[in-house]
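So the chains spell out like this:
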2 protein chains.
Amino acid sequence: MATTIDDVARAAGVSTSTVSYVLSGKRPISAPTRQRVERAILDLDYRPHAGARALASSRTNVLGLMAPLRIDVDVSVIMQFVTGVVTTARTFDHDVLLLTSDEIAGMERVASGSMVDSLVMMDIEADDPRVPVLARLRQPAVLIGLPRDPEGLSCVDLDFRAAAQLAVRHLAALGHRQIALLGSPRAVLDRHTSYAERMIHGFEQAARVAGVDGVVEPCEPSMAGAVAAVDAVLARLPGVTGLVVHNETALPWVLSSLRDRGRRVPEDVSVVGVCPADVAGDQPLELTHVDIPAHAIGRVAVEMAMARVERAEPAETRLLAPVLVEGASTAGAAH
Amino acid sequence: MATTIDDVARAAGVSTSTVSYVLSGKRPISAPTRQRVERAILDLDYRPHAGARALASSRTNVLGLMAPLRIDVDVSVIMQFVTGVVTTARTFDHDVLLLTSDEIAGMERVASGSMVDSLVMMDIEADDPRVPVLARLRQPAVLIGLPRDPEGLSCVDLDFRAAAQLAVRHLAALGHRQIALLGSPRAVLDRHTSYAERMIHGFEQAARVAGVDGVVEPCEPSMAGAVAAVDAVLARLPGVTGLVVHNETALPWVLSSLRDRGRRVPEDVSVVGVCPADVAGDQPLELTHVDIPAHAIGRVAVEMAMARVERAEPAETRLLAPVLVEGASTAGAAH
DNA sequence: CTGAAAGCGCTAACAT
DNA sequence: ATGTTAGCGCTTTCAG
């Protein structure tokens with residue numbers, strides 16, 4: 001049943017090593033030989049045994065992905081990261097082993113057990129306990145997010161600081177003088193999740209530089225949370241005319257609760273979302289937004305992992321520049 | 001660096017097979033010997049090489065999961081399936097290799113290449129082209145969903161037919177005589193996705209049996225789609241007082257658009273959701289719903305896969321009985 | 001340009 | 001209860 005490389009070699013009338021080299025391309029093979037081997041492979045429907053290959057070559061062609069399967073990080077964003085990682089991995093002839101974040105031992109297990117060649121880790125916190133562990137593994141790791149100390153690991157993320165600045169500058173340029181950030185849920189902030197903190201710092205600094213009032217309000221990912229956060233902002237900053245919303249789940253409820261409070265968008269309040277383009281597109285009005293290119297981040301993460309595995313390139317940190325897409329949810333401040 | 005089973009054997013003063021048997025528990029080991037071996041394993045921080053193990057034992061302890069990373073199937077439901085699968089796999093000492101649905105060749109690749117011991121496939125369509133392929137693999141497969149012909153494969157899903165019946169009976173018992181099903185998006189129906197069709201059949205049959213008017217309306221997973229579907233139902237069945245909503249994404253927009261149309265819930269219209277409990281909990285009112293136990297389905301799928309791998313149990317189909325949770329969104333029909 | 005053969009690290013007979 | 005050893009299927013020197 002299970003056809004082996006020897007079966008192929010016999011059928012093609014060559015040695016096993018020749019078959020191996022046809023497969024790997026690691027040494028020149030004459031055209032006729034190559035063709036006989038390829039014919040035999042097709043005829044026998046031969047598939048190399050992954051374990052045997054891993055044992056002999058110490059390469060698995062598998063990438064480990066640690067994804068947060070929690071619920072407070074927006075699932076659709078996670079999904080896009082994951083698809084970015086999986087589809088890109090395939091272009092490098094790699095498969096993806098899925099680990100959940102709550103299993104800190106998982107990455108050690110799969111790495112020490114030689115199940116993966118590299119690891120990609122999502123949802124990195126400022127002082128993430130997984131980072132020192134990863135730094136000591138034999139396999140290279142790429143962090144999606146930015147810990148306080150990367151310890152020599154590669155990192156990639158949207159430049160959330162710049163994203164916040166972009167949003168604030170856009171509002172300030174439109175004449176808004178009182179603006180607020182509706183941000184991540186408390187639980188995310190309490191974990192000191194990297195992107196949430198960078199977003200807040202960028203917001204506060206940009207507001208200061210632009211000379212506008214800026215308040216930051218956390219926001220739970222539910223209708224009730226969104227309503228409460230909107231009300232809190234209206235109470236803290238009654239004259240607010242600009243809102244930056246960095247919370248995919250709350251976004252629709254923020255918009256509906258503004259309407260319920262008698263604030264029209266964009267006439268009374270301008271709203272800038274910080275979210276993936278498709279989330280922006282799902283809103284009832286064309287939302288001005290700073291795109292979170294989740295798919296691209298996943299792709300870049302894999303490319304960086306492959307660069308380290310295949311070409312032993314050094315670790316680096318890449319922050320993707322944000323892009324603001326103007327929609328119908330922002331307008332000049334009423335004078 | 002890489003410590004092997006021989007290093008452990010030497011350190012413990014035993015043979016390699018003894019170490020192997022301590023690890024697998026496949027033959028009795030005296031307490032003192034076992035302790036010496038375990039000590040050595042800990043001291044050397046030994047981790048068996050997964051590839052070598054797979055090669056020698058033809059078992060990988062990896063389960064392949066093919067998940068639809070599309071967007072029209074609600075992502076939060078997918079996420080729950082996935083977590084159910086991953087966490088359960090871990091209790092069987094298995095890891096999960098993630099495949100995307102758009103890659104029909106993927107499952108053949110990982111199965112023929114002996115990367116997995118079994119496969120779990122989500123989002124099965126009535127005449128799914130992957131089913132015949134899976135049926136011919138060496139490894140057992142479990143389908144989440146119900147194809148027209150399982151071809152000897154195991155299947156598991158919520159009994160959507162019974163779920164629809166439960167919802168309809170609940171509404172009928174409350175005196176509702178004109179009811180509608182807001183169902184899956186067209187794209188899902190066009191693929192003849194198994195659960196969507198079973199839901200519709202169950203709804204229509206139960207309405208017939210209960211002697212009530214029932215209409216079925218597809219619904220796109222967006223605000224616009226929900227509004228359009230609600231309007232379509234109101235037009236087709238102006239006296240509608242009962243609504244079954246089987247569309248997680250549209251749910252909030254259905255509720256808000258009913259309000260916009262001047263229909264109060266539950267005074268004018270009773271609404272039964274068919275969705276995971278947490279989605280029901282996210283709604284602005286306590287929703288009467290038939291739970292989709294996504295996590296449990298994922299768990300059962302893995303258990304069935306393991307039963308086949310480890311105990312060579314025969315394939316079976318398991319339909320989980322639905323449970324209706326009464327909330328505040330259903331009430332007696334106005335007389 | 002091709003072949004022969006030595007492992008890779010582990011499991012599972014087969015011994016005792 | 002424990003040890004010995006022959007593979008598992010592939011990659012990769014080393015030899016031509």
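Every value quoted in this text rests on a predicted model; they were computed, and no experiment measured them.

J.: Hey, could you go over the side chain of Q139 of chain B for me, with residue numbers and the actual values?
T.: Residue and element names in this part refer to chain B. Turning to its location among the elements, Q139 is positioned in the loop between helix 7 (130-135) and strand 4 (141-144). Q139 gets classed as buried once you look at its relative accessible area, which sits at 8%. Only 2.8 Å separates the side chain of Q139 from the backbone oxygen of A111, close enough to count as a polar contact. Of the polar contacts made by the side chain of Q139, one reaches the backbone oxygen of V116; its length is 3.1 Å. Not counting residues up to four positions away in its chain, the partners in contact with Q139 are A111, S114, V116, D117 and S118.

J.: I'd like to hear about the sheet that holds strand 2 (residues 95-100) of chain B, residue by residue, with values.
T.: Ordered by their spatial adjacency, twelve strands build an open sheet running 11(A)-5(A)-4(A)-3(A)-1(A)-2(A)-2(B)-1(B)-3(B)-4(B)-5(B)-11(B), and the pairing between neighbours is mixed. Each edge of the sheet is formed by a strand with only one pairing partner; in this case those strands are strand 11 (317-320) of chain A together with strand 11 (317-320) of chain B. Pairwise comparison of adjacent strand axes, ignoring direction, gives a mean angle of 20 degrees for this sheet. In the sheet, strand 1 (residues 62-67) of chain B pairs with strand 3 (residues 118-121) of chain B via four bridges, with the strands oriented parallel. Note that in strand 3 of chain B the partner of L63 of chain B across the bridge is S118 of chain B.

J.: Tell me about the UniProt feature "domain: HTH lacI-type" (unreviewed entry) in chain A, and please be specific about residues and values.
T.: The UniProt record annotates "domain: HTH lacI-type" (unreviewed entry) at residues 3-57 of chain A. Helix makes up 71% of residues 3-57 of chain A and strand 0%, and the two end C-alpha atoms of the span are 20 Å apart.

J.: Which residues make up the environment of E108 of chain A, and what values do they have?
T.: Within the element layout of this structure, E108 of chain A appears in helix 6 (residues 104-112). Taking the C-alpha atoms as reference, E108 of chain A lies 22 Å from A56 of chain A; in sequence the two are 52 residues apart. Setting aside its immediate chain neighbours within four residues, E108 of chain A contacts G113, V133 and L137 of chain A together with R47 of chain B.

J.: Describe the pairing of strand 6 (residues 178-182) of chain B, with residues and values.
T.: Residues and elements named next belong to chain B. Strand 6 sits mainly inside the fold: four of its five residues count as buried. Two strands pair when backbone bridges link them, and strand 6 and strand 7 (residues 213-217) are joined in this way by five bridges, in the parallel orientation. Looking at strand 7, one finds that A180 is bridged to V215. Sheet analysis places strand 6 next to strand 8 (residues 242-245), joined by four bridges and oriented parallel. Paired with L181 across the two strands is V244, which belongs to strand 8.

J.: Hey, could you go over the packing of aromatic side chains for me, with residue numbers and the actual values?
T.: Residues and elements named next belong to chain A. With the rule as written, the count across this model stands at three aromatic pairs over all chains. For the pair F160 and Y195, a centre-to-centre distance of 5.5 Å together with 35 degrees between the ring planes defines the contact as tilted. Taken together, the residues F160 in helix 8 (residues 160-173) and Y195 in helix 10 (residues 194-210) connect sequence positions 35 residues apart.

J.: So, the sheet that holds strand 10 (residues 288-291) of chain B: which residues are in play, and what are the values?
T.: Two strands in a sheet stick together by hydrogen bonds in their backbones, pointing the same way (parallel) or opposite ways (antiparallel). Residues and elements named next belong to chain B. Judged by pairing direction, the sheet is mixed, and its six strands sit side by side in the order 7-6-8-9-10-12 without closing on themselves. Every interior strand has two partners, whereas the edge strands, strand 7 and strand 12 (324-325), have only one. Helix-sheet contacts for helix 8 (residues 160-173) involve strand 6, strand 8, strand 9 (270-275), strand 10 and strand 12, and the interaxial angle to strand 9 is about 165 degrees. Running at roughly 165 degrees to strand 7, helix 10 (residues 194-210) makes contact with strand 6, strand 7, strand 8 and strand 9 of the sheet.

How each quantity is defined
- Residues numbered from 1 in each chain as written.
- Chains lettered and ligands numbered in written order.
- Predicted model: local features only at pLDDT ≥ 70, side-chain atom pairs only at ≥ 80, totals over all residues.
- Heavy atoms only, no water.
- Helix = DSSP H or I, 4+ residues; strand = E, 2+ residues; numbered from the N terminus.
- Buried < 20%, exposed > 50% of the residue type's maximum accessible area, 1.4 Å probe, protein only.
- Polar contact = N/O pair within 3.5 Å; in protein donor to acceptor, adjacent residues only side chain to side chain.
- Contact = heavy atoms within 4.5 Å.
- Pairing = 2+ DSSP bridges.
- Axes fitted to C-alpha atoms, helices over the stretch in contact; angles between N-to-C directions.
- UniProt positions renumbered as here; feature names shortened; annotations may be inferred.
- Phe/Tyr/Trp six-rings, centres within 6.5 Å; stacked < 30°, edge-to-face > 60°.

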